[in-house]
Amino acid sequence: MALRDVFYGIAEFSEDVLLAPLDALRALELESWFAANILNWIFMAVLAVALTYWMLQLKKFNDNNEEDRSSTSHSYLGDEQKYQ
């Protein structure tokens, strides 16, 4: 068996097995655009839920004043008296 046959085997496996679901989606698009893009709709719904949850958590921490709102990002940058 030549090394060329190994690479042709990998290419054939990729095209015939791994990319078969994408070929099915491409064929489905001719029948129904919404059905072909159902995965995108699911991703957008998950993103909307996650973004809403994140914003509600930020509001909760903001309302409790748990956020450190000092102008320095590190303790060693803001404590000038310690080094003088």
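Up top is the structure.
Residues numbered from 1 in each chain as written. Predicted model: local features only at pLDDT ≥ 70, side-chain atom pairs only at ≥ 80, totals over all residues. Heavy atoms only, no water.

### Topic: the pattern of salt bridges
At step 1: Taken as a whole and judged by the stated rule, the model has 2 salt bridges.
At step 2: When the shortest N-O distance is used, the salt bridge between Arg26 and Asp23 registers 3.2 Å. In this pair, Arg26 and Asp23 both sit in helix 2 (residues 20-29), 3 residues apart, roughly one turn of the helix.
At step 3: Residue Arg26 is classed as exposed on the basis of its relative accessible area of 56%.
At step 4: Judged by its relative accessible area of 34%, Asp23 falls in the partly exposed class.
At step 5: Between Asp63 and Lys59 there is a salt bridge, and its shortest N-O distance comes to 2.8 Å. Of this pair, Asp63 and Lys59 both sit in helix 4 (residues 38-63), 4 residues apart, which is roughly one turn of the helix.
At step 6: The exposure class assigned to Lys59 is partly exposed, which follows from its relative accessible area of 48%. (Salt bridge = Lys/Arg side-chain N within 4 Å of Asp/Glu carboxyl O. Helix = DSSP H or I, 4+ residues; strand = E, 2+ residues; numbered from the N terminus. Buried < 20%, exposed > 50% of the residue type's maximum accessible area, 1.4 Å probe, protein only.)

### What to know about helix 1 (residues 3-18)
At step 1: Here helix 1 is 16 residues long and its end C-alpha atoms lie 21 Å apart, about the 22 Å a rise of 1.5 Å per residue gives.
At step 2: Within helix 1, only 0 of the 16 residues are buried, leaving the element largely exposed. (Expected span 1.5 Å × (residues − 1).)

Read these as spatial facts, not as claims about activity.
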